[in-house]
Amino acid sequence: MRRRPPPHPTGPEGHRSRGPVPGRAAGRRGPAARVLAFALALGTVLSLLAAGPALAAGYRYWSFWDGAGGPWAYATQGPSLARPADGSVQGFRFAVSKDAADQAARPRSPADFAAVCGSTDPVAGRKRVALVVDFGVPADAPAGDAPPQDAPRTACAQVAPDATTAEALAAVAKPLRYNSAALLCAISGYPKQGCGEPMADAPAATGSPSAAPSSTTSSSTASPGGGPSAGLLAGIAAVAALAAAGVWQSRRRNR
């Protein structure tokens, strides 16, 4: 009687079960797979950067300045918190500029208390605060709006000893407009609309008139011509090169 050979070991579904391939650890990726995974991850990062929010180069806003030391200094508190002493000088400038002490546009009139309040006699129980309000230049005005006057406006506010700069400003330059975050948006009704909106290509302004911004939006991936930037194109090329290298490695190993 002919003996039947023993059956081959099979899996639960009746198929031959295969053990691990000699020389390769289970679950371990080859070089080609790792290169392709890296290329995919890099491509994802570049896509997120390309779709990211625009980065503002500056803002159209009212900056707040303190002239106590003579030259204008960027205020470290908002006007609703600052409580100037008698004899203080406070300044405001509307412009398109960066929100930084060394790059924001300063008031174009000097911080001179005597020039503003010299003719205002002191009153018992009140303090005098010299205010300089610079409405800026037409190039920085929002579309359809214009500065109420060319030269900065000065006024001497006589207010209570504990009054804030915002209260002193309201005494001489109404109407004021604030947003929900208590950001000062308009002085004497200017500008009519808008409040600290981000701008593209804002100039590094000083006391001199600033140039008009080139546009109202900015993108971290846009070039001056409106197409993708050189950095983004280089990144895409790098992803393509890595993917091609991965495919070449894979084919080489399969030969």
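Residues numbered from 1 in each chain as written. Predicted model: local features only at pLDDT ≥ 70, side-chain atom pairs only at ≥ 80, totals over all residues. Heavy atoms only, no water.

### Concerning the pairing of strand β4 (residues 127-134)
- With eight of its eight residues buried, β4 lies for the most part within the structure.
- Residues Lys 127, Val 129, Leu 131 and Val 133 of β4 are buried on one face, and the alternating residues Arg 128, Ala 130, Val 132 and Asp 134, pointing to the opposite face, are buried as well.
- Across six bridges, strand β3 (residues 88-97) lies against β4 in parallel orientation. Note that in β4 the partner of Gln 90 across the bridge is Leu 131.
- As defined by bridge partners, β4 adjoins strand β5 (residues 153-159) across seven bridges and the pair is classed as antiparallel. Pairing of Leu 131 across the sheet is with Ala 155, part of β5. (Buried < 20%, exposed > 50% of the residue type's maximum accessible area, 1.4 Å probe, protein only. Helix = DSSP H or I, 4+ residues; strand = E, 2+ residues; numbered from the N terminus. Pairing = 2+ DSSP bridges.)

### Let's talk about the pattern of salt bridges
- Scanning all chains against the criterion turns up four salt bridges.
- Between Asp 134 and Arg 93 there is a salt bridge, and its shortest N-O distance comes to 3.9 Å. Placement of Asp 134 in strand β4 and of Arg 93 in strand β3 is noted, with a sequence separation of 41 residues between them. When sorted by exposure, Asp 134 lands in the same class as Arg 93, which is buried.
- We note a salt bridge from Arg 108 to Asp 134, for which the minimum N-O separation is 2.8 Å. Residue Arg 108 is located in the loop between β3 and α2 (113-117), and its partner Asp 134 is located in strand β4; the two are separated by 26 residues in the primary sequence.
- Judged by its relative accessible area of 0%, Asp 134 is buried.
- Residues joined in a network through salt bridges with shared partners are Arg 93, Arg 108 and Asp 134. (Salt bridge = Lys/Arg side-chain N within 4 Å of Asp/Glu carboxyl O.)

Such coordinate-based values are descriptive only and should not be taken to indicate function.
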